[in-house]
Amino acid sequence: MSRSVETGSALSPVTADDVDLAARLAVGVLRDAPPDGWGGKAGSLEWDCWETVEHLANDLLYYAVQLGPQSPPLDTHVPFALHQKRPDGPAYFLFAERDAGPAGLVQVLEACGALLTAMVRTTPPRVRAHHAAGVSDPEGFAAMGVVETLVHMHDVAEGFGLAWTPPSALCSRVLARLFPEAPGGADPWLTLLWATGRAELPGHSRLTTWRWHSTPRS
C-alpha cells in the first residue's frame, strides 16, 4: 500500500546548503564529462547536453532573481527577456560563451548555483515571489533549484553515459517540499525521477505530465 511522502515536520526544510550541495555535485560530475559528447542528446529530452546544462544555469539564476527585488512581483516573473537559439531549443536569458568551451559552461553553472545559494541564505523566510506553480518562498525556490539540478543532471548523465545518484536525504527533502502527494516506500531518488516523468515506479506508471507544488508549507 502506498503512502504520501510526509511533509513539514517529518523532514528538515530545504536550505541554501542543499542548493550548494546539489550544484557542487553536478559541477564535479560535469568536469569529468568527455569533451566530445556535449552535442549528444540529453537522456529523454530533445535538447543536447550543452543546451540542457545551459538551461539548468538559467533555471538557477531565474530562481535567484525572483527573490532579488525589495518587493518581488507576485503576479508575474521579474521581466528578463527570453530568447531561443533554435526553434525547438530551450528559452534563455543567459548564454554561456561557446568559445570558452565546456569548462566555461560548467563555470557558468557553478556561478548561477552560487547566486541562488546566496539569495536563499540571505532572503528572509517571510518573502514571497512569483512562480507559475504557485507563489513561493525562499525554501520553495531552493527546492525547485535542487530538483532542476538533480533531474537535469540525470538527463545529461544519461547522455554522456556517466553515473549520477544524488543523496537520498536530499531527494527526500525536495520530494516532501514540492511533491507532497508522491507515493512513499520506494527509493527517494527513483521516486523523484518518477515524479518528474523520467522513470516508472513499482505500482505506478511513468507520468506523461507532472507538476510540483511551489506554494509554502505551513
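Residues numbered from 1 in each chain as written. Predicted model: local features only at pLDDT ≥ 70, side-chain atom pairs only at ≥ 80, totals over all residues. Heavy atoms only, no water.

Description of the overall build of the chain
Okay, step 1: Each helix and strand counted, the chain has 6 helices and 2 strands in total.
Okay, step 2: The order of α-helices and β-strands along the chain, N terminus first, is α-α-β-β-α-α-α-α.
Okay, step 3: In terms of C-alpha radius of gyration, the chain reaches 17 Å, essentially the compact-globule figure of 17 Å for 218 residues.
Okay, step 4: Considered along the principal axes of its C-alpha atoms, the chain spans approximately 45 × 45 × 30 Å.
Okay, step 5: The proportion of buried residues among the 218 residues of the chain is 51%. (Helix = DSSP H or I, 4+ residues; strand = E, 2+ residues; numbered from the N terminus. Rg over C-alpha atoms; globule rule 2.2 N^0.38 Å. Buried < 20%, exposed > 50% of the residue type's maximum accessible area, 1.4 Å probe, protein only.)

Side note on the confidence of the model for the chain
Okay, step 1: Across the chain, pLDDT averages 93, with 95% of residues at or above 70.
Okay, step 2: The model gives residues 1–9 a pLDDT under 50, and that stretch makes 21 contacts with residues more than four places away or in other chains. (pLDDT = per-residue confidence, 0-100. Contact = heavy atoms within 4.5 Å.)

Considerations on helix H6 (residues 188–195)
Okay, step 1: Most of H6 is tucked away, with 7 of its 8 residues classed as buried.
Okay, step 2: Turning to H6, its buried residues number three or more, namely Pro-188, Trp-189, Thr-191, Leu-192, Leu-193, Trp-194 and Ala-195.
Okay, step 3: Looking at the buried positions of H6, the neighbouring elements they touch are helix H4 (138–160) and helix H5 (168–178).
Okay, step 4: The backbone nitrogen of Trp-189 has a side-chain oxygen 3.1 Å away, supplied by the residue at the start of H6, namely Asp-187.
Okay, step 5: Directly after H6, the chain includes Gly-197, whose backbone phi takes a positive value near 75°. (Polar contact = N/O pair within 3.5 Å; in protein donor to acceptor, adjacent residues only side chain to side chain.)

Structural notes on the packing of helix H2 (residues 49–66) against H4
Okay, step 1: H4 packs onto H2 with a crossing angle of 175° between their chain directions and a minimal axis gap of 10 Å. One element, H2, and the other, H4, form an angle in the roughly antiparallel class. Within the contact between the two elements, H2 uses Cys-49, Thr-52, Val-53, His-55, Leu-56, Asp-59, Leu-60, Tyr-63 and Gln-66 and H4 uses Phe-141, Met-144, Gly-145, Glu-148, Thr-149, His-152, Val-156, Gly-159 and Phe-160.
Okay, step 2: Within the contact of H2 with H4, the residues separate by chemical class into 9 nonpolar, 7 polar and 2 charged. (Axes fitted to C-alpha atoms, helices over the stretch in contact; angles between N-to-C directions. Parallel < 35°, antiparallel > 145°, perpendicular 65-115°, else oblique. Nonpolar A, V, L, I, M, F, W, Y, C, P; charged D, E, K, R; others polar.)

Considerations on the packing of aromatic side chains
Okay, step 1: Summed over the entire model, instances satisfying the criterion amount to 10 aromatic pairs.
Okay, step 2: Relative to Phe-160, the ring of Trp-38 lies with its centre 5.0 Å away and its plane at 75°, an arrangement referred to as edge-to-face. Taken together, the residues Trp-38 in the loop between helix H1 (16–30) and H2 and Phe-160 in helix H4 connect sequence positions 122 residues apart. Here Trp-38 and Phe-160 have matching classes, each one buried.
Okay, step 3: Ring geometry for Phe-179 against Trp-210: centres 6.2 Å apart, planes inclined by 50°, an arrangement best described as tilted. Of this pair, Phe-179 sits in the loop between H5 and H6 while Trp-210 sits in the segment after H6, placing them 31 residues apart in sequence.
Okay, step 4: In this structure Phe-179 comes out as buried when scored by relative accessible area, which is 6%.
Okay, step 5: If you follow Arg-98 out to its NZ or CZ, it ends over the ring of Trp-50, 4.1 Å from the centre. (Phe/Tyr/Trp six-rings, centres within 6.5 Å; stacked < 30°, edge-to-face > 60°. Lys NZ or Arg CZ within 6 Å of the ring centre and 35° of its normal.)

Topic: the environment of Thr-122
Okay, step 1: In this fold, Thr-122 is placed in helix H3 (residues 101–122).
Okay, step 2: Between the C-alpha atoms of Thr-122 and Trp-189, which are 67 residues apart in sequence, the distance is 28 Å.
Okay, step 3: Polar side-chain contacts of Thr-122 include one of 2.8 Å to the backbone oxygen of Ala-118.

Some words on the nonpolar core
Okay, step 1: Counting residues in each nonpolar core, the largest one holds 64 residues, and the members touching the most others are Trp-38, Leu-150, Phe-179 and Leu-192.
Okay, step 2: Residue assignment for this core shows that the elements contributing at least two residues are H1, H2, H3, H4, H5 and H6.
Okay, step 3: Looking at this core, the element that brings in the most residues is H4, giving 12 residues.
Okay, step 4: In this view, Trp-38 contacts Leu-30, Ala-33, Asp-48, Cys-49, Trp-50, Val-53, Pro-102, Leu-105, Val-106 and Phe-160; residues no more than four positions away in its chain are not counted. (Core = buried A, V, L, I, M, F, W, Y, C linked by side-chain atoms within 4.5 Å.)

Quick word on the packing of H4 against H6
Okay, step 1: The N-to-C vectors of H4 and H6 enclose an angle of 90°; their axes lie 11 Å apart at closest approach. With respect to H6, the axis of H4 lies roughly perpendicular. Here Val-147, Leu-150, Val-151 and His-154 of H4 come into contact with H6, specifically with Trp-189, Leu-192 and Leu-193.
Okay, step 2: Looking at the contact of H4 with H6, its residues break down into 6 nonpolar, 1 polar and no charged.

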